[in-house]
Amino acid sequence: MQYFQELKAHNKLLYRSVAIFCGFTLFLSLLGHQITPFFLWAMFSENEQPKYEQEIIDIKINGKPFNYTQELIDANRHIVIGTLHYYYDMKTGSNIDPNRQFFKDKLGNHYKTIQPAIERLTNDATHYKTYENWLHRYLERSTHQSIQTLEIGVQTWQYTPDGKLNYLNSKPLLSYGL
């Protein structure tokens, strides 16, 4: 409150502007709306359930295990792993980009008005080969080596009650050049 008192004493117009902005933001938040990119409260308040199983990307280049945590710089690793997670979600889901479902859930009945734009901006099964070719080239440039074969799988690990990890299984995700 002292901030508002000092602001009012210093500049009444600025005080009114800040008070109106705060009141407007509070009002919209109470109605369930979020405004401006830096007031997206839901990105910090979603309830997360504990996961007892973890899925880990496994990469083999030219038949040899590739330790992407050590071999790639952070930016390249995040691009590779992030896009692979999207690819995996599409392959194990309905062959449609998870962003489409996100927009459907968030926009409800308003989704239909922007559906054509969302479908042009997101992926589906027709883009798998394009992504695989891009990933091959990207990894070649990132690792500075020629890649003849690329195998990517997803390992599933499970936590035991005493906190240790046990390997459960591995599923192939992508094979290139085999």
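Residues numbered from 1 in each chain as written. Predicted model: local features only at pLDDT ≥ 70, side-chain atom pairs only at ≥ 80, totals over all residues. Heavy atoms only, no water.

### A word on the overall build of the protein chain
Per the secondary structure count, the protein chain includes 8 helices and 4 strands. Sequence-ordered secondary structure for the protein chain, helices as α and strands as β, is α-α-α-β-β-α-α-α-α-α-β-β. Taken against the 2.2 N^0.38 rule, which gives 16 Å for 178 residues, the C-alpha radius of gyration of the protein chain at 24 Å runs more than 25% over that of a compact globule. Summarising its shape, the C-alpha atoms of the protein chain cover approximately 70 × 45 × 35 Å along the three principal directions. Long-range contacts, defined as pairs at least 24 residues apart, comprise 56% of the intrachain contacts of the protein chain with a sequence gap of at least 6. Of the roughly 13,100 Å² of accessible surface on the protein chain, 57% is carried by carbon and sulfur atoms. (Helix = DSSP H or I, 4+ residues; strand = E, 2+ residues; numbered from the N terminus. Rg over C-alpha atoms; globule rule 2.2 N^0.38 Å. Contact = heavy atoms within 4.5 Å. Areas by Shrake-Rupley, 256 points an atom, 1.4 Å probe, with all protein chains shown as cover.)

### Thoughts on the domain arrangement of the protein chain
The parts lose accessible area when they come together, and the size of an interface is often stated as this lost area. Parsing the protein chain into structural domains produces domain 1 (1–47) and domain 2 (53–176). A C-alpha centroid distance of 39 Å is found between domain 1 and domain 2. (Domains from an automatic or database assignment.)

### With respect to the pairing of strand β3 (residues 150–159)
Bridge count between strand β1 (residues 53–61) and β3: 9 bridges; the pairing is antiparallel. Its bridge partner lying in β3, Q54 is registered against W157. When β3 meets strand β4 (residues 165–176), the two strands line up antiparallel, connected through 10 bridges. The partner of Y159 across the bridge, within β4, is L165. (Pairing = 2+ DSSP bridges.)

### Concerning the packing of helix α6 (residues 98–107) against helix α7 (residues 111–121)
Viewed as axis vectors pointing N to C, α6 and α7 meet at an angle of 165°, and their least axial separation amounts to 10 Å. The orientation of α6 with respect to α7, classified from their angle, is roughly antiparallel. Classified by chirality, the crossing of α7 by α6 is right-handed. Contacts between α6 and α7 involve R100, F103, K104 and L107 from the first element and Y111, I114, I118 and E119 from the second. (Axes fitted to C-alpha atoms, helices over the stretch in contact; angles between N-to-C directions. Parallel < 35°, antiparallel > 145°, perpendicular 65-115°, else oblique. Left-handed = near helix turned anticlockwise from the far one by under 90°.)

### Looking at the pattern of salt bridges
Tallying each qualifying case throughout the model produces 3 salt bridges. E55 is the partner of K171 in a salt bridge, and the nearest nitrogen-oxygen pair spans 3.7 Å. One end of the pair, K171, is in strand β4; the other, E55, is in strand β1, and 116 residues separate them in sequence. A relative accessible area of 38% places E55 in the partly exposed class. Taking the shortest distance from any N to any O, the salt bridge between R77 and D74 comes out at 2.6 Å. With a gap of 3 residues between them, R77 and D74 both fall in helix α5 (residues 74–92), about one helical turn apart. Here R77 falls in the buried class, since its relative accessible area comes to 17%. Residue classification places D74 among the partly exposed positions, given a relative accessible area of 47%. (Salt bridge = Lys/Arg side-chain N within 4 Å of Asp/Glu carboxyl O. Buried < 20%, exposed > 50% of the residue type's maximum accessible area, 1.4 Å probe, protein only.)

### Regarding the packing of aromatic side chains
If you walk through the whole model with that rule in mind, you get 8 aromatic pairs. One aromatic cluster is present, built from ring pairs that chain together Y87, Y128, Y131, W134 and Y138. Here the basic side chain of K91 rests over the ring of Y128, its NZ or CZ set 4.7 Å away from the ring centre. (Phe/Tyr/Trp six-rings, centres within 6.5 Å; stacked < 30°, edge-to-face > 60°. Lys NZ or Arg CZ within 6 Å of the ring centre and 35° of its normal.)

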